[in-house]
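Spelled out, the chains give:
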Amino acid sequence: MTRKTVGKLEASSTLTRGWRALRRRLAVKGDDVPNEEGADPSVWEPLLAADAACWEEAKRLAEKGQRVLVATSLGGHLFASYTESALTAALTLRGARVEVLVCDSFLPACQLSKMALVTPEQLVRTRPQPRCASCQATSRKMYEPFGLPVHWYSQFVDDAQRAEARRVAADLPLGDIGAYEWEGLAVGEHAYAGALRYYARGDLNGEPEGEEILRRYLEASLLTVFAAQGLLRSRPFDVAVFHHGIYVPQGILGEVCRRECVRVVNWNPAYRKHCFVFSHGTTYHHTMISEPADAWRDIAWTPDLEASTLDYLKSRWYGTQDWIWFHEKPQEDLEKIAREVGVDFSKPCVAMLTNVMWDAQLHYKSNAFSNMLEWVLETVRYFGEKRPEVQLVIRVHPAEVRGAIPSRQPLVDEIERAFPVLPPNVFVVGPESQVSTYALVERCNAALIYNTKTGIEVASMKIPVVVAGEAWIRNKGF
C-alpha cells in the first residue's frame, strides 16, 4: 500500500470518528467491562458501512501483506476487544493481512471467569460457562463486520483431543499440576495462575472447590494448546498480537506461538492515560525485567525531558495523569500518618511495599523466596528478632481492596495469623488506609519491595530500594 493510499484511508472522516469513539471507550478503569454496563460491541458495523468502498480497497491491497493473527480469544473482555479491533482496522489500513482468533464458548474456564459473575459451584458444574454466550456474541459483533477471516477455537480441536484434555485434567495428581508440561509447554503454570486469579488468592488452601477449579483451568489450557496448534499448523502467520500474555488462554497462546516460530507481541494498558505497553517476544512481566539498561542508559536527556519526567512521577502521587490509580484523596500529613500508623519518624524506619498476592503468579527462576507471603513473614521475623532498633512499616497494596478484583486473601490476616502479637518495631498500614504511600516512603531510610512497580518511583526519590523478588528495576544499575 502506498503512503498516498494510507493517507487517503486515514483521512476518512467516519473512521476518524471511530478512533475518537474508541479512545473514549478505552478510558475505563479496570481490566474488563461487562456488557451489562452498557458498552456497545457493535461499534464497527456502522463505521465500516459508511466507508464500505474505502474499506474494501484497503482489504484488497492488504491481501499480499504480512500475515497478522489478532488472537483476542475473549471477545467479552471489552477493553481488549476495543483495542484489538482498532489494531485490526489500523493494521489492515497499513497493508497487513489480518485474521482473528476468538473462543466460541469452548473453554471450561478462562480469564473472564470471575467469582463476582460465576460461583465455584457454577464453574465446576456448568458447560459452557454462564458467561460464554454473551462473550461469543460480543466477538461476532466486534469482528465479523470487518469481513476478515474469523477463526473459532472449536474448529481446530477434534474429539480425541477433547477427550485427552479431560483425561489429563482428571487424572493428573493435584501436586503435579503447577509444574506440569505438555510437550514442553508450561500449561500447568498458566492453569495455576488462572485459578489463583479466579479465587483472588495466593494459594488455593481452604477453597472447597479449589481442586476442581484448578482442573478446569488445566483442561482449558490443554484445549488452548490443541486449538492454537491446529490453527498455526494450518495457516501461516508472521506475528500474533494479543493482550496480557499470561493466564488462560493468553499465556498458552504465547507458548504455542513461540514454539511454532510465530513472533509474539503482547500488550497491556499502562498506568498512564492513553498509553500501552507493547512487549515483543513475550509478556511485559518478563521483558520489563530482562530489558538491558543499554536500551535507555544513553538516551538524549534534556531539561524539558527531565521536567516532564519529574512532573509525571509527582502526578503518580495522585493519579492525575493515569487511568489506573488507587487513591482519590491520599493522606500526606506526616503527623496524621504517624498517629494512624504508630510509627516514630524520628527513628530509623524502613518501608515494606507489598503487591497483591494472586497477581501475575509466574515462575521466576532466580527468586530467593517461593512467594511474596514467605518474604513478608520472614522479613517481619527478621526485624523483630535481629533489628529491634529499626522500625518496619508494611504498606499493604491498596489494590487488595480497590483493584478490579479485590483480594480474597488479605495480607493483614496472614500477618496476624503468623504473628498474633507483632514485634513492637513492626507496623502495618492496611489496604483500606488513605495514607499516601509516597509520603510515607519519603520519610523512610530505605524501602523493601518484592515486585511492585512503585520501586521505580521510590528509586527516583533517591531512597535505597532492596528488591527481593522480580521487579522492573532489578539489576538496572541504579
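Predicted model only: the values in this text are computed from it and were never measured.

## A word on unusual backbone geometry
Where the residue is not glycine, phi is negative for most of them; where a peptide bond is considered, it is trans in most cases. Here Arg127 and Pro128 are connected by a cis peptide whose omega angle stands at -5°. Examined against the element boundaries, Pro128 turns out to sit in the loop between helix 6 (120–125) and helix 7 (132–143). Between Val248 and Pro249 the backbone carries a cis peptide bond, its omega angle lying at 10°. Within the secondary structure, Pro249 sits in the loop between strand 4 (239–243) and helix 11 (250–259).

## Overview of helix 13 (residues 303–315)
A rise of 1.5 Å per residue sets the reference length of helix 13, with its 13 residues, at 18 Å; its end C-alpha atoms lie 18 Å apart and thus fit the reference within 8%. Within helix 13, the full set of buried residues consists of Tyr312, Leu313 and Ser315. The buried residues of helix 13 occupy one face: seen down the axis, they fall within an arc of 160°.

## Some details on the side chain of Thr88
Within the secondary structure, Thr88 is located in helix 5 (residues 78–93). The class of Thr88 is buried, set by a relative accessible area of 0%. Setting aside anything within four residues of it in sequence, one finds Thr88 in contact with Trp55, Val70, Val98, Val100, Tyr143, Phe146 and Leu148.

## Side note on the pattern of salt bridges
Throughout the structure, instances matching the rule amount to 23 salt bridges. For Arg67, the salt bridge goes to Glu99, with nearest N and O atoms at 2.6 Å. Here the residue Arg67 occupies a position in strand 1 (residues 67–73), and Glu99 occupies one in strand 2 (residues 97–102), the gap between them amounting to 32 residues. Neither residue differs from the other here; Arg67 and Glu99 are each classed as buried. Among the salt bridges present, the one from Arg233 reaches Glu260, with a minimum N-O distance of 3.0 Å. You can see Arg233 sitting in helix 10 (residues 210–234) and its partner Glu260 sitting in the loop between helix 11 and strand 5 (263–269), a full 27 residues away along the chain. The network of salt bridges with common partners includes Arg201, Asp203, Glu207 and Arg408.

Rules behind the numbers
Residues numbered from 1 in each chain as written. Predicted model: local features only at pLDDT ≥ 70, side-chain atom pairs only at ≥ 80, totals over all residues. Heavy atoms only, no water. Helix = DSSP H or I, 4+ residues; strand = E, 2+ residues; numbered from the N terminus. Expected span 1.5 Å × (residues − 1). Buried < 20%, exposed > 50% of the residue type's maximum accessible area, 1.4 Å probe, protein only. Arc of directions from axis to C-beta. Contact = heavy atoms within 4.5 Å. Salt bridge = Lys/Arg side-chain N within 4 Å of Asp/Glu carboxyl O.

Any link to function would need more than the numbers given here.
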